Every structure is written in structure tokens, then in C-alpha cells.
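Observations on chain architecture
Here is how the chains run, residue by residue.
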Amino acid sequence: MELTQFDTRVIKELVVYQKEEEAEVRRVEKLKAEGAEGADIRQAEAVLKEAQKMVPDAQTRMSAAVQELRDLIELAKDFEPPFPQDDEMLLKAKEALEKAEA
């Protein structure tokens, strides 16, 4: 798998996990507000805890991917002979880095 494809996938995963966590928080709050059965609330809270575990993992993977992109871009600067600034891989790496830092 190409480095920038991996980075794009990691970014998308992080966004999905964050949205899932937010949705589960709302679900638990809704169940509590509606006076749902304790078992239903506990089950929803368990799902929320699982969703919350995924966010830090995805953040760690994204941080590692961002550092790899920075290293790649820095390496391209020091490359002899000079690395073409319009190289497709370098442009994709810069684009993925911009997305990750947004």
C-alpha cells in the first residue's frame, strides 16, 4: 500500500471513530433521559466505552503517519540530485499532510 493511501485511510478512520463516539454519547444520554431499562443503558454504555477506545488508537496511528509524511517531505528536500517538487508522490504526501493537520 502506498504511504499516502495509508495516511488517508487513517485520517478517515479517525473521523469515523470520532463520529461513532459522539453518536453513542447521544444514544446513552437519550436512553437515560427517556428512563430506559438499566440493562439497555448498561449495554449502550458498553458500546460507548468500546467506541471511546478506538479514538486514541486512531489518533496514535495518525500521529505516526503524519510524522512519516513529514520525514518523507524532509528527505525529499535533502535528496541528491534535487527531488522534483512536482513529483506525484511528493505532492500526494504534502496533500495528505495538509489533510491530517487540518
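Residues numbered from 1 in each chain as written. Predicted model: local features only at pLDDT ≥ 70, side-chain atom pairs only at ≥ 80, totals over all residues. Heavy atoms only, no water.

Some thoughts on the overall build of the protein
Counting secondary structure elements, the protein contains 3 helices and 0 strands. Start at the N end of the protein and walk to the C end: the helices and strands fall as α-α-α. Taking the contacts inside the protein whose residues are at least 6 apart along the sequence as the reference set, 67% of them involve residues at least 24 apart. For the protein, the accessible surface area stands at approximately 7,100 Å², while carbon and sulfur atoms represent 54% of it. (Helix = DSSP H or I, 4+ residues; strand = E, 2+ residues; numbered from the N terminus. Contact = heavy atoms within 4.5 Å. Areas by Shrake-Rupley, 256 points an atom, 1.4 Å probe, with all protein chains shown as cover.)

A word on the nonpolar core
Grouped together as the largest cluster of nonpolar side chains are 16 residues, with contacts concentrated most on L14, M62, L69, I73, A93 and L97. Elements with a minimum of two residues in this core: α1 (3-33), α2 (38-78) and α3 (88-101). If you tally residues by element for this core, the top one is α2, at 8 residues. The residues touching L97, leaving out its near neighbours within four places in the chain, are V66, L69, R70 and I73. (Core = buried A, V, L, I, M, F, W, Y, C linked by side-chain atoms within 4.5 Å. Buried < 20%, exposed > 50% of the residue type's maximum accessible area, 1.4 Å probe, protein only.)

Quick notes on the pattern of salt bridges
Between side chains of opposite charge, a pair can form when the charged atoms approach closely. One pass over the full model with this rule turns up 6 salt bridges. Linking R9 and E13 is a salt bridge whose minimum nitrogen-to-oxygen distance equals 2.8 Å. Taken as a pair, R9 and E13 lie in helix α1 at a separation of 4 residues, close to a single helical turn. Residue E13 is joined to R61 by a salt bridge in which the shortest nitrogen-to-oxygen separation is 2.7 Å. (Salt bridge = Lys/Arg side-chain N within 4 Å of Asp/Glu carboxyl O.)

Some thoughts on the confidence of the model for the protein
Taken as a whole, the protein shows an average pLDDT of 82; of its residues, 87% reach a score of 70 or greater. Within the protein, the lowest mean pLDDT, 73, falls on α3, and the highest, 87, falls on α2. (pLDDT = per-residue confidence, 0-100.)

Notes on the environment of V28
For V28, the position within the fold is in helix α1. When the C-alpha positions of V28 and A44 are compared, they lie 5.8 Å apart, and in sequence the two are 16 residues distant. Beyond its immediate stretch of four places on either side in the chain, V28 contacts A44, E45 and L48.

Regarding the side chain of E24
Examined against the element boundaries, E24 turns out to sit in helix α1. On the basis of relative accessible area, E24 is assigned to the buried category, the value being 14%. Non-local contacts of E24, meaning those with residues more than four positions away in its chain, are made with A44, V47, L48 and A51.

Considering the environment of Q52
Here Q52 lies in helix α2. Given a relative accessible area of 33%, Q52 falls into the partly exposed group. Linking Q52 and E21, residues 31 residues apart in sequence, is a C-alpha distance of 6.0 Å.

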